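Each chain is listed here by its residues.
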Amino acid sequence: MKLKIFVSAAIASLIIATAGCYKDVYYPDFDPNTPISFSADLQPVFSKSCASSGCHDDGPAHKPALTPGKAYNAIKAGGFIDLNVPENSMLYRVIKSGEMPPTGALKSTDVQKVLYWVKNGAPNN
């Protein structure tokens, strides 16, 4: 009887100990403590890789518009970010998966910047 209780307690302890584990991926060339600026860090990436004609331009052919002056409001108002669970943000998921941009995946550090920007409340800075 004592063995059953011990085994049950050991299993429960193991489940509780591993359930709280969270694996965050850090890239060696990216410092997660660096503040992310939308205008200085993300907008240049969007302008270069996403805001071309026929994609996420002023039109836009595909939402959200990612051109300077429109990108922040389009992302925030369009439901492309999830401040409660940043990893579920559509913006983050499509670039992390490599689905966007179709011209080739973004650098891993740029993908990580998007995630940290959302994790920090997606400020308009």
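Relevant structure appears above.
Here goes a summary of the coordinates provided.

Basis of the calculations
Residues numbered from 1 in each chain as written. Predicted model: local features only at pLDDT ≥ 70, side-chain atom pairs only at ≥ 80, totals over all residues. Heavy atoms only, no water. Helix = DSSP H or I, 4+ residues; strand = E, 2+ residues; numbered from the N terminus. Phe/Tyr/Trp six-rings, centres within 6.5 Å; stacked < 30°, edge-to-face > 60°. Buried < 20%, exposed > 50% of the residue type's maximum accessible area, 1.4 Å probe, protein only. Lys NZ or Arg CZ within 6 Å of the ring centre and 35° of its normal.

1. Structural notes on unusual backbone geometry
Phase 1: A cis geometry characterises the amide bond from Lys63 onward to Pro64, with omega recorded as 0 degrees.
Phase 2: Relative to the assigned elements, Pro64 resides in the loop between helix H2 (38-49) and helix H3 (71-77).
Phase 3: With omega at -10 degrees, the peptide bond leading from Met100 into Pro101 counts as cis.
Phase 4: Along the chain, Pro101 falls in the loop between helix H4 (90-96) and helix H5 (108-119).

2. Focus: the packing of aromatic side chains
Phase 1: Enumeration according to the criterion identifies four aromatic pairs in this entry.
Phase 2: Both rings, one in Phe38 and one in Phe46, keep their centres 6.1 Å apart while their planes meet at 55 degrees; by these two values the pair is tilted. Summarising the burial analysis for this pair, Phe38 and Phe46 share the class buried.
Phase 3: Ring plane angle 75 degrees and centroid distance 6.2 Å describe the contact between Tyr72 and Trp117, whose orientation is recorded as edge-to-face. A residue pair is termed long-range when its members are at least 10 positions apart, and Tyr72 in helix H3 and Trp117 in helix H5 qualify at 45 residues. For the residue pair Tyr72 and Trp117, the accessibility class agrees, reading buried in each case.
Phase 4: Feature note: the residues Phe38, Phe46, Tyr72 and Trp117 constitute an aromatic cluster, connected by ring pairs.
Phase 5: Here Lys119 stacks its cationic end above the ring of Tyr116, 5.3 Å away from the centre of that ring.

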